[in-house]
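For reference, the chains in residue letters:
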Amino acid sequence: MNCIKSLRNLPVTSELGTFRTFAAGAKAKKGKGGAAADAPKQSTLSKEVKSTTVVGANILKDGTDPKILPDSEYPEWLWHLLDKKPALSELRRKNIETLPYEDLKRFVKLDNRARIKENNTTKAKN
């Protein structure tokens, strides 16, 4: 056991530099903890920065968070992503011949899915 503890702090060198090979051991909490220890930290960003940038959207090491653009700069389809799509029961009540293409595609997909689930439950009972 002592051998493993001593290996945790052993640095390994390579062409890229020095890095640790084992995860650090868990630190013991002091005191009783409680809600104050688990409370979220206050943000150090100003309200102006929060309202003009997408905080946390940067994935590059040397990059910056992207700025929020005016609505006219975004594609039209983006605004329809959160629109509610009709459920299968609602699509079944409508006339199939009058459905738009997108709703017809959704009806076929949901109907097939429901039929497969029904067949699977009947096979499981037998």
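Residues numbered from 1 in each chain as written. Predicted model: local features only at pLDDT ≥ 70, side-chain atom pairs only at ≥ 80, totals over all residues. Heavy atoms only, no water.

The name an unreviewed UniProt entry assigns to the protein is Large ribosomal subunit protein mL54, from the organism Deinandra increscens subsp. villosa. In its Sequence similarities (unreviewed entry) section, the UniProt record describing the protein reads: "Belongs to the mitochondrion-specific ribosomal protein mL54 family." The record in UniProt for the protein states the following under Subcellular location (unreviewed entry): "Mitochondrion". (UniProt positions renumbered as here; feature names shortened; annotations may be inferred.)

Caption draft 1: Representation of the overall build of the protein. For the protein, the helix and strand inventory stands at five helices and two strands. When the helices and strands of the protein are read in sequence order from the N terminus, they spell out α-β-β-α-α-α-α. Here the protein holds 126 residues, and 7% of them are scored as buried. Sequence separation of 24 or more characterises 4% of the internal contacts of the protein that already satisfy a separation of 6 or more. When the accessible area of the protein is evaluated, it comes to approximately 12100 Å², of which 57% is carbon and sulfur surface. (Helix = DSSP H or I, 4+ residues; strand = E, 2+ residues; numbered from the N terminus. Buried < 20%, exposed > 50% of the residue type's maximum accessible area, 1.4 Å probe, protein only. Contact = heavy atoms within 4.5 Å. Areas by Shrake-Rupley, 256 points an atom, 1.4 Å probe, with all protein chains shown as cover.)

Caption draft 2: Representation of the pattern of salt bridges. One pass over the structure, following the stated rule, counts four salt bridges. Among the salt bridges present, the one from Glu 90 reaches Lys 94, with a minimum N-O distance of 3.8 Å. With a closest N to O distance of 3.9 Å, Glu 102 and Lys 105 form a salt bridge. Here Glu 102 and its partner Lys 105 are both found in helix α5 (residues 101-125), three residues apart, which amounts to about one turn of the helix. One continuous salt-bridge network, built from bridges that share partners, spans Arg 92, Asp 111 and Arg 115. (Salt bridge = Lys/Arg side-chain N within 4 Å of Asp/Glu carboxyl O.)

Caption draft 3: How the structure looks around the nonpolar core. Formed by Leu 88, Leu 91, Leu 99, Phe 107 and Leu 110, the largest nonpolar core amounts to five residues. When contributions to this core are tallied by element, the ones reaching two or more residues are α4 (88-93) and α5. Leave out the neighbours within four places in its chain, and Leu 110 touches Pro 86, Ala 87, Leu 88 and Leu 91. (Core = buried A, V, L, I, M, F, W, Y, C linked by side-chain atoms within 4.5 Å.)

Caption draft 4: Fine view of α5. Here α5 spans 36 Å end to end across 25 residues, near enough to the 36 Å set by a 1.5 Å rise per residue. Asp 103, Phe 107, Leu 110 and Asp 111 are the residues of α5 that are buried. Buried residues belonging to α5 abut α4. (Expected span 1.5 Å × (residues − 1).)

Caption draft 5: Representation of the packing of aromatic side chains. Enumeration over the complete set of coordinates arrives at one aromatic pair. Measuring from centroid to centroid gives 6.1 Å for Tyr 74 and Trp 79, while their planes differ by 90°, and the two rings are edge-to-face. Overall, Tyr 74 belongs to the partly exposed group, its relative accessible area being 28%. The exposure class of Trp 79 is partly exposed, given its relative accessible area of 41%. (Phe/Tyr/Trp six-rings, centres within 6.5 Å; stacked < 30°, edge-to-face > 60°.)

Caption draft 6: How the structure looks around a nonpolar patch on the surface. Taken together, the side chains of Trp 77, Leu 81 and Leu 82 present a nonpolar region at the surface, about 430 Å² in accessible area. Considering the arrangement of structural elements, one finds Leu 82 in the loop between α3 (47-52) and α4. (Patch = residues over 30% accessible without salt bridge, like charges linked within 9 Å, V, L, I, M, F, W, Y side chains within 5 Å.)

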